Amino acid sequence: MRDPVTCPHCRHAFEPRRDQLGGLIACPTCGRVVDVPGLHDPLWQLGRIGIVVFAAALGFWFGRHEPWHGAVAAGAVLGLAWLLRFAF
Amino acid sequence: MSAKPWELSSYRLRRKVLKLFGASFHVYDGDTIVAVCKQKAFKLREDIRLYRDEEQTQELMLIRARQIVDFSACYDIVDSETQQKVGAMRRRGLKSILRDSWEMLDARDTPIGKVEEDSMAMAMLRRLLSNLVPQRFQLQTANGAQATFRQRWNPFVFSLEVSTPAGAAVDPRLVFGAAVLLAAIEGRQGN
């Protein structure tokens, strides 16, 4: 399930289609343009999978002796990736 | 004040030479510049903006890619003045390997037409001879041919002539957006 998008002009909330992610789409209510966050991109999808695998590997590596070290490392990677999505 | 480029029945897009970063086009009505197009450099996603003059005081149109990778990318076209989406152009990646092909979508992302190179034989010839054979595209909808995009033969400067017949059934802003994309995306491949 995708996050709903709120039109900045009429405040109508709607769920964009998967292929509309990252696009400039017309609000279904007022027709004005809405900037949809995210990316619908093969490279982006691949990158997301890569980030999760990398975070899991880092978590296992740092959590060998102290599990909370692993949790912090994995959490830091996932947190950075979450912040990175706002750059697009 | 001069007419907006899409209000003209024919106009010409010409790539600016000697531009270090990004790309820039001028849109001509005869010898008069009616719009300036700036393609932002160092952007992950293609971001093209059209202004009325070189000083960039009035933005006319914004074209932005949804994807980072150009292959089968979709480009949204927005009228900056009214803040309304005009439509979108989607590149048909696999088809374009042999013959450049784009799908034209309306404001609700419904396909309404396609822009294709004139013929498969000419498209193949162009791929073998690089930019020596100028490209020619046609916009086809259910109502027939709506616009023609003709590249002028010039191995050094990319120049594209656009003509729309009287009473065309497609939003002229969408035709203009398609011309800009052809010049920016396809024109880049030839150089």
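Above: the structure in question.
Residues numbered from 1 in each chain as written. Chains lettered and ligands numbered in written order. Predicted model: local features only at pLDDT ≥ 70, side-chain atom pairs only at ≥ 80, totals over all residues. Heavy atoms only, no water.

## Some thoughts on the environment of aspartate 41 of chain A
Here is step 1 of the chain: Mapped onto the elements, aspartate 41 of chain A comes out in the loop between strand 4 (33–35) and helix 1 (42–62).
Here is step 2 of the chain: Distance from aspartate 41 of chain A to aspartate 19 of chain A, taken between C-alpha atoms, is 8.8 Å for residues 22 residues apart in sequence. (Helix = DSSP H or I, 4+ residues; strand = E, 2+ residues; numbered from the N terminus.)

## Notes on a nonpolar patch on the surface
Here is step 1 of the chain: On the surface, a cluster of nonpolar side chains totalling about 650 Å² of accessible area is made up of Val69, Phe71, Leu94, Ile97, Leu98, Met120 and Met124 of chain B.
Here is step 2 of the chain: Accessibility expressed as a relative area gives 35% for methionine 124 of chain B, which makes it partly exposed. (Patch = residues over 30% accessible without salt bridge, like charges linked within 9 Å, V, L, I, M, F, W, Y side chains within 5 Å. Areas by Shrake-Rupley, 256 points an atom, 1.4 Å probe, with all protein chains shown as cover. Salt bridge = Lys/Arg side-chain N within 4 Å of Asp/Glu carboxyl O. Buried < 20%, exposed > 50% of the residue type's maximum accessible area, 1.4 Å probe, protein only.)

## Details of the nonpolar core
Here is step 1 of the chain: By size, the foremost hydrophobic cluster in this structure holds 42 residues, and its most contacted members are Leu13, Ile63, Phe149 and Leu181 of chain B.
Here is step 2 of the chain: The dominant element in this core, judged by the number of residues it contributes, is helix 2 (residues 172–190) of chain B, at 11 residues.
Here is step 3 of the chain: Leave out the neighbours within four places in its chain, and isoleucine 63 of chain B touches Glu46, Asp47, Ile48, Leu50, Tyr75, Asp76, Ile77, Gly177, Val180 and Leu181 of chain B.
Here is step 4 of the chain: In this structure, Val5, Ile25, Val34 and Val36 of chain A belong to the second largest nonpolar core, which totals eight residues. (Core = buried A, V, L, I, M, F, W, Y, C linked by side-chain atoms within 4.5 Å. Contact = heavy atoms within 4.5 Å.)

## Structural notes on the pairing of strand 3 (residues 32–39) of chain B
All names here are of chain B.
Here is step 1 of the chain: Strand 3 sits mainly inside the fold: six of its eight residues count as buried.
Here is step 2 of the chain: Where strand 2 (residues 23–29) folds back on strand 3, the antiparallel hairpin that results is connected by two residues, among which glycine 30 adopts a positive phi of roughly 70°.
Here is step 3 of the chain: With four bridges joining them, strand 3 and strand 4 (residues 47–51) adopt antiparallel strand pairing. Paired with glutamine 39 across the bridge in strand 4 is isoleucine 48. (Pairing = 2+ DSSP bridges.)

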